[in-house]
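# Understanding the architecture of this molecule
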Amino acid sequence: MIRLDGLPIVTTEQMRAAEAQAIAAGATVDGLMARAGEAVAEQVRRLAAGAEVLVVCGPGNNGGDGYVAAAALKRAGHSVRVACFSEPRTAAAGAARARWTGAIEPLSEAMLAPVLLDAMFGVGLTRELDKGVTGSLRRLIEGARLSIAVDVPSGVSSDDGASLADLPPVDVTLALGAPKPAHVLQPAAQRCGAVRVLDIRVAVEGSVRVAAAPRLTRPVPEAHKYSRGLVAVVGGAMPGAAALTATAAARSGAGYVLLLGSATDRLPHAIVRRRFSAEALGDERVGAVVIGPGLGREDQAKGRLDAALACGRPLVIDGDALHLLDGRKVDGPMIVTPHAGEFTAMFGEIGGSKIEQAHEAARRSGAIVVFKGADTVIAAPDGRVVVQPDGPAWLSTAGTGDVLAGVIGARLAAGGDPFEAAADGAWLHAEAARLAGPAFMADDLAAHLPVAIGRCL
Ligand SMILES: NC(=O)C1=CN([C@@H]2O[C@H](COP(=O)(O)OP(=O)(O)OC[C@H]3O[C@@H](n4cnc5c(N)ncnc54)[C@H](OP(=O)(O)O)[C@@H]3O)[C@@H](O)[C@H]2O)[C@@H](O)CC1
Ligand SMILES: Nc1ncnc2c1ncn2[C@@H]1O[C@H](COP(=O)(O)OP(=O)(O)O)[C@@H](O)[C@H]1O
Ligand SMILES: [K+]
């Protein structure tokens, strides 16, 4: 079983193409199904620890995997039953079912089991699940001590993570060959429980990946405050927000943090405060300008944003500044960090999955787009995308976005690729939230950034 971190995320079309390539290289559909089903059975056997397993099988190849897994469990001497609601509709699923020698119970009458293996629908589910089937599945999932889904939980749309049935989460999802968008995008991701990938020897590749811990380095002996990265944070109408951003930048390894504009009393002394001036932004030593948290939307804010866009330094644009940006582009690196409301205000309604939306927004704007939420998608104009799937929901509190802007600012000022700076910043932010535990406020979050960084050295 493989953790998701850093793996390519594939759509159904890409998975089918990878499967076709494997078949062209000599594999067969039945052979792939045998590999998948047996790999599933092996993990289920370990997780079930001897308890009886009920396998529920659907009409397609996901159901086929279920029949293979049931037969393999039975051969291994494990107590296993099978239920289904429809005959197999693919040749491979039909052949797999023919090799299952036990009884098959109708889904609606199936007795509960301590372990449920959901092999009803995989990546082929394209429309809302029937209410009767949903009800039966809910009863079996709720009645099991442990529920495990094959590939994706039944009732989610694999390519965009939409929900196609009202069902409770399973405990474990065994993704076949690669993670799919449904494993990382909401609302489907929360239905998956712990996701682990099973290697079925189908080669997948792609430019969309699950976030992984960044590889950071310690300061070299020659390091000095400017070489570590100077972050200039532009303040405005709400000084507390800019203070959070500046504090987060300072706790994310920036060598020098400069807060331009009005500051709060309780700002750490290490943060240098100055009046706002366009000249200060243009200083060649400035590695990143962060503008937007608490900026306001009045004339002063507009003037400060104009100065930032003209300063020629790498930019992180957040909050109010996103509303004032108005489609303007800059020559240098620019990272924009909208939440869903800001994203729609900036780009209008873009169709497709959150991954496709973020990518399209990056392509149109020429900026690195950090599309925030419970699932945060970071997209570059060149097609690279990273999905940060598991930020704790405790992050849903005011000011945590200001902290994120500061972390990304520090990574950007440290040099290197702006896309990686954005992705690394999002990972460190989520890790700091994991370390902060429950019910933290944004100020507390920043205090956990140094330990998050320590985990990446
Ligand atoms: N790629 C790989 O490398 C490998 C993939 N493998 C496995 O294949 C799985 C994909 O299989 P799949 O394409 O057969 O689709 P699947 O998810 O079983 O469901 C489609 C079936 O459900 C039906 N159906 C759809 N909606 C419905 C509804 N609302 N209510 C009722 N029925 C509905 C649909 O019928 P139709 O839409 O044609 O009416 C069709 O019959 C994949 O997730 C993985 O487990 C492994 O075996 C080997 C390696
Ligand atoms: N339910 C959630 N689960 C995980 N992360 C969340 C959730 N809600 C918000 N976040 C994260 O918290 C931060 C909130 O940012 P934002 O909406 O800009 O808030 P603010 O402007 O108050 O700072 C983002 O990084 C976002 O990804
Ligand atoms: K399934």
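Residues numbered from 1 in each chain as written. Chains lettered and ligands numbered in written order. Predicted model: local features only at pLDDT ≥ 70, side-chain atom pairs only at ≥ 80, totals over all residues.

Neighbouring residues of ligand 1: 31 residues in total, closest Gly60, Asn61, Asn62, Gly122 and Gly124. Class assignment of the residues belonging to the shell around ligand 1 gives a composition of 13 nonpolar, 11 polar and 7 charged. (Near = placed C-beta within 6 Å. Nonpolar A, V, L, I, M, F, W, Y, C, P; charged D, E, K, R; others polar.)

As a further point, take the domain arrangement of the chain. Think of interface size as the accessible area that goes away when the parts come together; that is how it is often given. The domain boundaries assigned to the chain delineate domain 1 (12-210) and domain 2 (230-454). Just the C-alpha atoms count here: the centres of domain 1 and domain 2 sit 40 Å apart. Each partner contributes residues to the interface: domain 1 has 12 residues there, and domain 2 has 12 residues. The element best represented in the side of domain 1 that touches domain 2 is strand E8 (residues 208-210), accounting for 3 residues. Within the side of domain 1 that touches domain 2, the residues separate by chemical class into 6 nonpolar, 3 polar and 3 charged. (Domains from an automatic or database assignment. Contact = placed C-beta atoms within 7 Å. Helix = DSSP H or I, 4+ residues; strand = E, 2+ residues; numbered from the N terminus.)

Moving on, we get to the site of ligand 2. Around ligand 2 sit 18 residues, and of these Lys372, Ala374, Leu395, Ser396 and Gly401 come closest. In terms of residue count, helix H13 (residues 400-413) provides more of the shell around ligand 2 than any other element does, 4 residues in total. Here the shell around ligand 2 is built from residues that sort into 6 nonpolar, 10 polar and 2 charged.

Turning our attention to the sheet that holds strand E17 (residues 385-388). Strand order in the open sheet made by the 10 strands is E8-E17-E16-E15-E14-E13-E12-E9-E10-E11, with mixed pairing throughout. In this open sheet, the two edge strands, each paired with only one partner strand, are E8 and strand E11 (272-274). Neighbouring strand axes in the sheet, compared pairwise and without regard to direction, differ in orientation by 20° on average. (Pairing = 2+ DSSP bridges. Axes fitted to C-alpha atoms, helices over the stretch in contact; angles between N-to-C directions.)

Following both chains from N to C, one finds helix H3 (residues 61-75) and helix H4 (residues 91-98) inclined at 20°, their axes separated by 8 Å at the closest point. It follows that H3 is roughly parallel to H4 by the angle criterion. The crossing of H3 and H4 is left-handed. Contacts between H3 and H4 involve Asn61, Gly63, Gly64, Tyr67 and Val68 on the former and, on the latter, Ala92, Ala93, Ala96 and Arg97. (Parallel < 35°, antiparallel > 145°, perpendicular 65-115°, else oblique. Left-handed = near helix turned anticlockwise from the far one by under 90°.)

Moving on, we get to H3. End to end, H3 covers 21 Å across 15 residues, agreeing with the expected 21 Å (1.5 Å per residue, within 8%). By the criterion of burial, H3 is predominantly enclosed, with 13 of the 15 residues buried. Gly77 sits one or two positions beyond H3 and adopts a positive phi of about 85°. (Expected span 1.5 Å × (residues − 1). Buried ≥ 20, exposed ≤ 12 C-beta atoms within 10 Å, placed from the backbone.)

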